[in-house]
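# Per-entry structural report
This is what each chain is made of:
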Amino acid sequence: MSLKLYNTLTRKVDEFRSIRPGEVALYTCGPTVYNYAHIGNLRTYIFEDVLKRSLGWCGWKVKHVMNVTDVGHLTSDADSGQDKMEKGAAREGKSVWEIAGFYWQAFKEDLVRLNILPPDVWCKATDHIAEQIGMVKALEAKGLIYRLEDGIYFDTGKLGDYGRLARLDVAGLQAGARVDLVQGKRNVTDFAVWKFSPKDSKRLMEWPSPWGVGFPGWHLECSAMALKYLGEQLDIHCGGVDHVAVHHTNEIAQTESITGKQWVSWWMHGEFLTMGEGARMAKSEGGFLTLQALIDKGYDPPAYRYFCLNAHYRQQLAFRWESLDSAATAFERLRNRAIELRQAAAANSAGTADAQTASSGRLADFREAVEDDLNMPRALAAMWGLLKNSKLPARQAWADLLDMDRVLGFGLETIQPRKIEVDADLAARVEKLIAERTAAKKEKNFARADEIRKQIAELGVELKDTPQGPVWRKL
RNA sequence: GGCGGCAUACCCAAGCGGUUCAAGGGGACGGAUUGCAAAUCCGUUAUCUCGUGGGUUCAAAUCCCACUGCCGCCUCCA
């Protein structure tokens, strides 16, 4: 049980130790369900999945909580007064609740398609309004909040170490702030813990509170739900790097103000997937790639997972189609190799002592990579080392591969050959051509055979002659 | 303006003081196999080299400084 992890709090890689022996309380920031997740979001969830699997693989029992932000919060168009949820609802002519339900479901499906294990607890912000109001009350009792026209704000100036996580230079922020100052805020870094509904319009989502009708500030939900499900101290809290400076910093401020204890031992952040051609992938900017878009282009979701695992989680990764192609090819080889190995293993007897040794060497490399701050590129290298080792008895290699897959999460145990939906019409045409070609081959009329193969290729079908006869598949 | 990161072969990407002066994947090329292909297997593909220029050190891709280029955050974007 030795695992070294980078901690944003200390900016160092340290050996992970849980608060309670053998158990890990893990909180990961979940999606705001007003639209589909884009592949950049998904990269972060893949990283968190690898973290969670690695903890389990190293022997910890993990309790994982993930929130779902279904409360509308403000868009970046500060003056519009509309929030993302309501905007999504207006766009699609549905209620905010329908929107939230729909995209949450879509998100869950993405997780399944990427072999991301679901959390033990899903918690929705709107199911925890009372807890959030309770936190504001607690903050009020400590004299840490103040009231402005549009909401109740947290006074960050009262905290000595505000911004410790992000190492914020608060003075510097004030000097160079390019954030529009809310009128009356005492510090640039102050943030809303409760927002009032606009006087002239009724929001679709709003709740009464001791301070007035409105809705909770965004940062509050994670604090409230993490406290509820994981207690006052938890081991690891994750999210995207963009959350370091604001969201997580504010979560810490609120939570630790209330409990008086260090809340989170380990903060971990996944780096961004960037779009090669300058365009940034952001939900709020309209154009973004979803997992479904990749599928529509013919990629299998685990190929995207492979693409992500090929780079370290703390490294920015530029999305390029050719890089994805490269990952997709590698993943197909892995899939085929795994299927062969599974079949061979079923027929094979256990290995010799020598083979056992060779095998444990590979596993040792793999373990070292995992334990070194989740170095998946190295872990994949170890996996290929195992697959390339033809001396290893199949049963042994298969057992080791499955063990590695507990971390990698490609679902190799039950993986099936890639199949692409083909309509019956096309299938019939291809079969007919193949029959003709087989006949031509029998007569040694290879020119004719090649011509037919060309015709088949024009239908977007790849034809292979195997010892078992011709095999085809739609590309 | 503040904070942070990155520059390694054709591409992606590990390595972060010596113990391999550089993993793995993709691609390309050569060979085996094939009627020819595909798939598969074997081999080759950074050796005045790790953006450039200095420095530290017995020793640097790995540490320090400068420069250049790129990227991200500081907006309720993962």
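## Quick word on unusual backbone geometry
With a phi angle near 60°, N115 is a residue other than glycine that sits in the positive phi range. Inspection of the secondary structure puts N115 in the loop between helix 3 (96–113) and strand 5 (121–124). Residue class for N115 comes out partly exposed when judged on its relative accessible area of 24%. Phi is positive for D373, which is not a glycine, with a value near 55°. What makes D373 buried here is its relative accessible area of 1%.

## Focus: the sheet that holds strand 5
Strand order across the open sheet formed by 5 strands is 5-4-3-10-11, with parallel pairing between neighbours. Each edge of the open sheet is held by one strand with a lone partner, namely strand 5 and strand 11 (264–270). The average undirected angle you get between the axes of adjacent strands in this sheet is 20°. By the bridge criterion, 4 bridges tie strand 4 (residues 61–68) to strand 5 in an arrangement that is parallel. Residue pairing in the sheet places V65 in a bridge with V121 of strand 5. Packed onto the sheet, helix 6 (residues 218–230) meets strand 3 (23–28), strand 4, strand 5 and strand 10 (234–240) and runs at close to 145° relative to strand 4. In this fold helix 7 (residues 244–259) packs onto strand 10 and strand 11, with an angle of close to 165° to the strand it touches most, strand 11.

## So, the pattern of salt bridges
Pairing is possible between side chains that carry opposite charge, provided their charged atoms lie close to one another. In this structure the tally under the stated criterion is 25 salt bridges. In this structure, E256 engages R164 in a salt bridge whose closest nitrogen and oxygen atoms are separated by 3.3 Å. With E256 in helix 7 and R164 in the loop between strand 7 (151–154) and helix 5 (170–176), the pair connects residues that are 92 residues apart, well separated along the chain. On the basis of relative accessible area, R164 is assigned to the partly exposed category, the value being 34%. Three or more residues are tied together by salt bridges with common partners; here these are K432, E436, R448 and E451.

## Points about the packing of helix 10 (residues 321–347) against helix 12 (residues 376–388)
Contact geometry for helix 10 and helix 12: axes closest at 11 Å, N-to-C directions at 45°. Considering their axes alone, helix 10 and helix 12 lie oblique with respect to each other. Considering the relative orientation of helix 10 and helix 12, their crossing is left-handed. Each of A330, R333, L334, R337 and L341 in helix 10 lies in contact with helix 12, whose residues at this interface are M383, W384 and L387. For the contact of helix 10 with helix 12, the class distribution of residues is 6 nonpolar, no polar and 2 charged.

## So, the nonpolar core
Counting 77 residues, the largest nonpolar core has L51, I236, M268, Y304 and L408 as the members making the most contacts within it. No other element matches helix 10, which puts 10 residues into this core. Counting only domains with at least three residues in this core, you end up with domain 1 (4–270) and domain 2 (320–414). Not counting chain neighbours up to four residues away, the residues in contact with L51 comprise L5, L26, I236, C238, M268 and L374.

## Description of the side chain of Q132
Here Q132 lies in helix 4 (residues 129–141). Q132 sits in the buried class, given a relative accessible area of 1%. Reaching out from Q132, the side chain makes a polar contact with the backbone nitrogen of E221 at a distance of 3.4 Å. In contact with Q132, other than residues within four places in its own chain, are A125, P216, G217, L220, E221 and A224.

## Here we look at the domain arrangement of chain A
Segmenting chain A into domains produces domain 1 (4–270), domain 2 (320–414) and domain 3 (424–474). Computed over C-alpha atoms, the centres of domain 1 and domain 3 are 57 Å apart.

## Observations regarding the packing of aromatic side chains
Where two aromatic rings form a pair, the distance of their centres and the angle of their planes describe that pair. Taken as a whole and assessed by the stated rule, the structure comprises 20 aromatic pairs. Considering the side-chain rings of F307 and F319, the 5.8 Å spacing of their centres and the 70° angle between planes classify their relative orientation as edge-to-face. Remark: F319 occurs in strand 13 (residues 317–319) and F307 occurs in helix 9 (residues 301–309); sequence separation between them is 12 residues. Judged by relative accessible area, which is 4%, F307 ranks as buried. Judged by centre distance (5.0 Å) and plane angle (80°), the ring pair of F319 and W321 falls under edge-to-face. Three or more aromatic residues joined by ring pairs form one cluster here, namely Y299, Y304, F307, F319 and W321. Over the ring of W104 we find K108, and its NZ or CZ is 4.1 Å from the ring centre. The cationic tip of K297 hangs over the ring face of W321; the distance from NZ or CZ to the ring centre is 4.7 Å.

Here is what the cut-offs are and how they apply
- Residues numbered from 1 in each chain as written.
- Chains lettered and ligands numbered in written order.
- Predicted model: local features only at pLDDT ≥ 70, side-chain atom pairs only at ≥ 80, totals over all residues.
- Heavy atoms only, no water.
- Helix = DSSP H or I, 4+ residues; strand = E, 2+ residues; numbered from the N terminus.
- Buried < 20%, exposed > 50% of the residue type's maximum accessible area, 1.4 Å probe, protein only.
- Pairing = 2+ DSSP bridges.
- Axes fitted to C-alpha atoms, helices over the stretch in contact; angles between N-to-C directions.
- Contact = heavy atoms within 4.5 Å.
- Salt bridge = Lys/Arg side-chain N within 4 Å of Asp/Glu carboxyl O.
- Parallel < 35°, antiparallel > 145°, perpendicular 65-115°, else oblique.
- Left-handed = near helix turned anticlockwise from the far one by under 90°.
- Nonpolar A, V, L, I, M, F, W, Y, C, P; charged D, E, K, R; others polar.
- Core = buried A, V, L, I, M, F, W, Y, C linked by side-chain atoms within 4.5 Å.
- Domains from an automatic or database assignment.
- Polar contact = N/O pair within 3.5 Å; in protein donor to acceptor, adjacent residues only side chain to side chain.
- Phe/Tyr/Trp six-rings, centres within 6.5 Å; stacked < 30°, edge-to-face > 60°.
- Lys NZ or Arg CZ within 6 Å of the ring centre and 35° of its normal.

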